Amino acid sequence: PVLLLREFRDRILLSNAPGRAFVSWYYAWSPEAAEWLLQNAWARGPVIAGLAPLVLLAWFLLNPTYLLAVAALLTGWFIYDRSSRTPRMKERNR
């Protein structure tokens, strides 16, 4: 995850003003947060779990072809699911 997040920082965040502002804020704030995590071991698991979706998002943004493939699959599934319901099932779900 560390190498992925570095690539995300370099390719995505540092390429625009809001991203650069976020990186500056993060570097100012993160040492204190890291120190807090060292002193509060109980919080490491929840913090890592909370970061997992962000790491996944970063991966998808760095690999947009996969993001488009997942979006197409989900769209196809949704259309298939909606079209495969019988009229009686549609009535019951209202």
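For the structure itself, consult the block above.
Residues numbered from 1 in each chain as written. Predicted model: local features only at pLDDT ≥ 70, side-chain atom pairs only at ≥ 80, totals over all residues. Heavy atoms only, no water.

S.K.: Whenever I open this one, the overall build of the protein chain confuses me. Can you help?
M.R.: When you go through the protein chain residue by residue, the secondary structure sums to 5 helices and 0 strands. When the elements of the protein chain are put in sequence order from the N terminus, they spell out α-α-α-α-α. Computed over its C-alpha atoms, the radius of gyration of the protein chain comes to 20 Å, more than 25% above the 12 Å expected for a compact globule of 94 residues. Counting all 94 residues of the protein chain, 13% fall into the buried class. Pairs at least 24 apart in sequence give 39% of the contacts found in the protein chain among residues at least 6 apart. By element, 69% of the accessible surface of the protein chain is carried by carbon and sulfur atoms, the whole surface being about 7,800 Å². Charge centroids of the protein chain, computed over 11 positive and 6 negative side chains, lie 12 Å from each other. (Helix = DSSP H or I, 4+ residues; strand = E, 2+ residues; numbered from the N terminus. Rg over C-alpha atoms; globule rule 2.2 N^0.38 Å. Buried < 20%, exposed > 50% of the residue type's maximum accessible area, 1.4 Å probe, protein only. Contact = heavy atoms within 4.5 Å. Areas by Shrake-Rupley, 256 points an atom, 1.4 Å probe, with all protein chains shown as cover. Lys, Arg positive; Asp, Glu negative; His and termini not counted. Charge placed at Lys NZ, Arg CZ, Asp CG, Glu CD.)

S.K.: I'm lost on the nonpolar core in this one. Help?
M.R.: What tends to happen in soluble globular proteins is that the nonpolar side chains get buried as a cluster. Judged by nonpolar contacts, Leu-4, Phe-8, Leu-13, Val-23, Ala-58 and Leu-62 together constitute the single largest core of 6 residues. Counting residues per element, the ones that place at least two in this core are helix H1 (2-11) and helix H3 (44-62). If we skip the residues at most four places from it in the chain, Leu-4 touches Val-55, Trp-59 and Leu-62. (Core = buried A, V, L, I, M, F, W, Y, C linked by side-chain atoms within 4.5 Å.)

S.K.: Honestly, the layout of surface pockets in this entry has me stumped. Any pointers?
M.R.: To locate leftover empty space, one rolls a probe as large as a water molecule over the atoms. Space inside the largest pocket adds up to approximately 950 Å³. Residue lining of the largest pocket: 26 residues in total, with Leu-5, Phe-22, Tyr-26, Leu-51 and Val-55 positioned closest to the centre. Among the elements of the structure, H1, helix H2 (17-39) and H3 are those that each provide at least two residues to the lining of the largest pocket. By residue number, the principal contributor to the lining of the largest pocket is H2, which donates 10 residues. Split into classes, the residues belonging to the lining of the largest pocket amount to 23 nonpolar, 1 polar and 2 charged. (1 Å grid on protein atoms, 1.4 Å probe; cavity = no way out; pocket = protein on both sides within 12 Å on 5 of 7 lines; lining within 4 Å. Points joined across faces, edges and corners; volume = space filled by probe spheres on them. Nonpolar A, V, L, I, M, F, W, Y, C, P; charged D, E, K, R; others polar.)

The values are spatial; any link to function lies outside them.
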